[in-house]
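Coordinate inspection notes
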Amino acid sequence: MSQSNNNINIRIGGVPEHFNMPWFIAMERGIFQNKPYEVEWEEYGGGTGAMCKALREGTLDIAVALTEGIVADLVRGNPSKIVRLFVKTPLVWGIHTGAQSPYQHADELNGKIYAISRKLSGSHLMSCIYAENNAWNPQEQQFLEIGNLKGGIAALENGTADAFLWEKFMTQPFVQSGAVRRIGECITPWPCFVVAAREAVLEQHLNVVADIMDTISRICLDFMSDPQAIEQIAWRFQLSYTDAETWFNQTEWASSNRVSRKMLLNVLHSLRKVGIIDRSAAPQTLCSTLTELVG
């Protein structure tokens, strides 16, 4: 969706999930309508891997991406920088298998075929981290690229994949319908979403990016205190009120530009341990001048 008719056009992308409700609200209510720049929002069903690719290609300016995914791609040369945290709380990944699958417990999935949206996506990286957490060799896991959530569900249903990691509340309708089974969970050991912007955009339009971040911060704060927020989430994402309430109460959006240095070091260490990256990086080299590194 496009707002206003100015010469500065900022393209922002994110997953079509409940975490991005503040962005949906901003676009639907025309919050950026009277700004001296134009904002376009695009949903990326392919997740963080697809957004990293778009940042590299210059078809996306700002991405609301999974922390581990964007950090991995920044170390691998993506010409972008972290601007701020977006969601401060961890993401709870459901570990899913097909309704007719022989597997009953997640600890049976060593060396099996994991559906992933694409290489370096969250579903890929967390499958590797889950393997490491279980003292399995991440390099021995097998991966099948399926594009998005629906592709992952289909892969479990037709048996081309044995397992699929995805945010547990987004898969809840499929679990409740009996299409797939959830046989375990994996919690990301760090804040789950950050905002990253291309370096070229930061160089040319730093004040615009800063204003966008300030604006979305206010919307996040308003949404966290909105008495109708849970009903909105339940309706939009086909969740029961109870499930929407559970998710909402365990989710906190960031309201400042502070990013923990220790958190980034933890992400870097974990990614290097599972072989996703072959070197570490100084946290300050991953962050923009808009970011306040702390801790």
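Now for a quick tour of the structure.

The rules behind each value
Residues numbered from 1 in each chain as written. Predicted model: local features only at pLDDT ≥ 70, side-chain atom pairs only at ≥ 80, totals over all residues. Heavy atoms only, no water. Helix = DSSP H or I, 4+ residues; strand = E, 2+ residues; numbered from the N terminus. Buried < 20%, exposed > 50% of the residue type's maximum accessible area, 1.4 Å probe, protein only. Contact = heavy atoms within 4.5 Å. Axes fitted to C-alpha atoms, helices over the stretch in contact; angles between N-to-C directions. Parallel < 35°, antiparallel > 145°, perpendicular 65-115°, else oblique. Nonpolar A, V, L, I, M, F, W, Y, C, P; charged D, E, K, R; others polar.

For Ser217, the position within the fold is in helix α7 (residues 199-224). On the basis of relative accessible area, Ser217 is assigned to the buried category, the value being 7%. Residues in contact with Ser217, not counting those within four places in the same chain, are Arg84, Ala254 and Ser255.

Contact geometry for helix α3 (residues 67-75) and helix α4 (residues 122-133): axes closest at 8 Å, N-to-C directions at 95°. Our classification of the angle between α3 and α4 gives roughly perpendicular. Contact residues: α3 offers Glu68, Gly69 and Ala72, while α4 offers Gly122, Leu125 and Met126. Of the residues in the contact of α3 with α4, the class split is 3 nonpolar, 2 polar and 1 charged.

What follows concerns α3. In terms of burial, α3 is a largely internal element, 9 of the 9 residues being buried. Turning to α3, its buried residues are Thr67, Glu68, Gly69, Ile70, Val71, Ala72, Asp73, Leu74 and Val75. A positive phi of about 110° marks Gly77, the residue just after α3.

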